[in-house]
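Chain by chain, the residues run as shown.
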Amino acid sequence: MANILQPTEENLRELRKFLLFGGLVGVPTETVYGLAANAFDPEACAKIFEVKQRPANDPLICHVSGADALEDICHANPLALRLAKRFWPGPLTFVLPKKSKIPNIVTAGLDSVAVRCSAHPDFHRLVEQCDFPIAAPSANPFAYISPTTAQHVQAGLGSKITFILDGGSCSFGVESTILDLRDETNPRILRYGALPAEDIEVELGRSIEKPTFITADESVQHLAPGALPKHYSPRTPLELRGGISNAELASLKNDQAALLLARPEGSFPGNVHWLSENGKLSEIASNLYAKLREIDESGYATIFAEEAPELGLGLAINDRLRRASFR
Ligand code: AMP
Ligand code: MG
């Protein structure tokens, strides 16, 4: 089992050294927990793929300490600098042309790199202390539900890593929004995430290209490698529903679970679960993965999950639920 460390100054210094010399560390971010390695160290990054059982064609996101550090790893353009100043630190990842010092294994051979700056105070302090960027995909076995607590990381990868930095529960609970900025005149969202697309559109004063739900279409896969149709998945089959009525809840069988967006009125048996008290999207997102794990561990035959509205964070929530339901 891994050692779960508290974010003291001494522990952060130790973790920096451990990363510098090629170790892997489970780290908190404001979105989900990450599995971190020194992004300049190809052998350390190879261990990320091995530990997660992640396919080599699925590139890693690199973390830097701020807009000033963007140029360390990629060729930034004025739009990237402007959006970094507006939204960083925060759950927004840019895809930009990579510099050669980023090893090819990090970007799965692509000539672009994904870069972000986390707002999690403890992880941000660690990144600031490191004089190298940190590659960190989610700290879960490939395609399983992403971790939002140190205990989730322990449960999934604890036997394969030495340290997990405990930064509490992740505040957003879904992955970062990924924005392709390689062509400044045509910014486009590759993955819906914790920063609503509308916020970026308001900042830019124009609408931007959005992803459609990715099927097995290889031309799309090429643009957003790793955005596989089946992902974030519980082992229990999950069916997505536009809505779930009280009559349907009342007729659920014992081995069926319902996952609602908000607490239903009235009283229902223990197989009726909900993601928020009153439907607030930020609360739904932050509880989503922990609740899916809890239900997945309860031995149900099927989960019926209710779709979120198609706006704001609802787009990221539905994207995850669709992939979770993909068989
Ligand atoms: P995660 O596993 O949540 O860290 O997500 C990493 C995802 O970021 C990958 O699966 C890709 O979809 C995306 N990504 C990373 N690097 C690139 C890149 N250079 N170009 C396009 N997408 C990327
Ligand atoms: Mg992931």
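For the structure itself, look to the data block above.
Residues numbered from 1 in each chain as written. Chains lettered and ligands numbered in written order. Predicted model: local features only at pLDDT ≥ 70, side-chain atom pairs only at ≥ 80, totals over all residues. Heavy atoms only, no water.

Enquirer: Would you mind showing me how to read the side chain of Lys98 here?
Expert: Along the chain, Lys98 turns up in the loop between strand S5 (90-97) and strand S6 (112-117). No salt bridge is formed by the buried Lys98, whose closest oppositely charged neighbour, Asp111, lies at an N-O distance of 8.6 Å. In this structure the side chain of Lys98 is engaged in a polar contact, spanning 2.8 Å, whose partner is the backbone oxygen of Ile102. Every residue in contact with Lys98, bar those within four places of it in the chain, is listed here: Ile73, Cys74, His75, Pro103, Asn104, Thr107, Leu110, Asp111, Ser112 and Val113. (Helix = DSSP H or I, 4+ residues; strand = E, 2+ residues; numbered from the N terminus. Buried < 20%, exposed > 50% of the residue type's maximum accessible area, 1.4 Å probe, protein only. Lys, Arg positive; Asp, Glu negative; His and termini not counted. Salt bridge = Lys/Arg side-chain N within 4 Å of Asp/Glu carboxyl O. Polar contact = N/O pair within 3.5 Å; in protein donor to acceptor, adjacent residues only side chain to side chain. Contact = heavy atoms within 4.5 Å.)

Enquirer: Even after reading the chapter, I still don't get the sheet that holds strand S11 (residues 238-241), so can you show me in this structure?
Expert: Taken in spatial order, the 4 strands make up an open sheet running S11-S14-S12-S13, and their pairing is parallel. Across the chains shown, the open sheet's two edge strands, defined by having one partner strand only, are S11 and strand S13 (272-274). Across the sheet, the axes of successive neighbouring strands diverge by a mean angle of 25 degrees, strand direction being ignored. In the packing of helix H11 (residues 313-325) onto the sheet, the strands contacted are S11 and strand S14 (302-306), and the crossing angle to S11 comes to about 135 degrees. (Pairing = 2+ DSSP bridges. Axes fitted to C-alpha atoms, helices over the stretch in contact; angles between N-to-C directions.)

Enquirer: Sorry if this is basic, but what is going on with the sheet that holds strand S3 (residues 34-38) here?
Expert: What holds strands together in a sheet is hydrogen bonding between their backbones, with the strands either parallel or antiparallel. What the 10 strands build is an open sheet, ordered S1-S8-S2-S3-S7-S4-S6-S5-S9-S10; its pairing is mixed. Strands with a single pairing partner mark the edges of an open sheet, and in this sheet they are strand S1 (3-5) and strand S10 (188-191). Here S5 runs beside S6; their pairing, made up of 5 bridges, is antiparallel. Paired with Pro97 across the two strands is Ser112, which belongs to S6.

Enquirer: I would appreciate a short explanation of the packing of aromatic side chains in the present structure.
Expert: A ring pair, where both rings are aromatic, is described by two values, the distance of the centres and the angle of the planes. Counting across every chain of the model gives 3 aromatic pairs. Taking 5.1 Å as the distance between ring centres and 25 degrees as the angle between the ring planes, the aromatic pair formed by Trp88 and Phe94 counts as stacked. As far as the burial class goes, Trp88 and Phe94 line up, both buried. Ring geometry for Tyr232 against Tyr289: centres 6.1 Å apart, planes inclined by 20 degrees, an arrangement best described as stacked. On the criterion of sequence distance, the pair formed by Tyr232 in the loop between helix H8 (218-223) and S11 and Tyr289 in helix H10 (residues 281-296) is long-range, its members being 57 residues apart. Here Tyr289 falls in the buried class, since its relative accessible area comes to 0%. The residue whose ring lies beneath Arg235 is Tyr144, and the NZ or CZ to ring-centre distance is 4.3 Å. (Phe/Tyr/Trp six-rings, centres within 6.5 Å; stacked < 30°, edge-to-face > 60°. Lys NZ or Arg CZ within 6 Å of the ring centre and 35° of its normal.)

Enquirer: Help me understand unusual backbone geometry in this model?
Expert: Of all residues except glycine, most have a negative phi; of all peptide bonds, most are trans. In this structure, the amide linkage connecting Trp88 to the following residue, Pro89, adopts the cis form with an omega of -10 degrees. Examined against the element boundaries, Pro89 turns out to sit in the loop between helix H4 (78-87) and S5. With a phi angle near 55 degrees, Ala108 is a residue other than glycine that sits in the positive phi range. Here Ala108 shows up in the loop between S5 and S6. The residue Tyr232 is not glycine, and still its phi comes out positive at about 50 degrees. Its relative accessible area of 6% is what places Tyr232 among the buried residues.

Enquirer: Is there a simple way to explain H4 in this structure?
Expert: In an α-helix, one turn spans 3.6 residues; hence positions three or four apart end up facing the same way. Listed in full, the buried residues belonging to H4 are Leu79, Ala80, Leu83, Ala84 and Phe87. Buried residues of H4 fall within an arc of 130 degrees about the axis and therefore sit on the same side. Of the exposed residues in H4, those oriented more than 90 degrees away from the buried face are Pro78 and Lys85. Check the buried side of H4 and you find it contacts helix H3 (70-73), S5, strand S9 (177-180) and helix H7 (197-204). (Arc of directions from axis to C-beta.)

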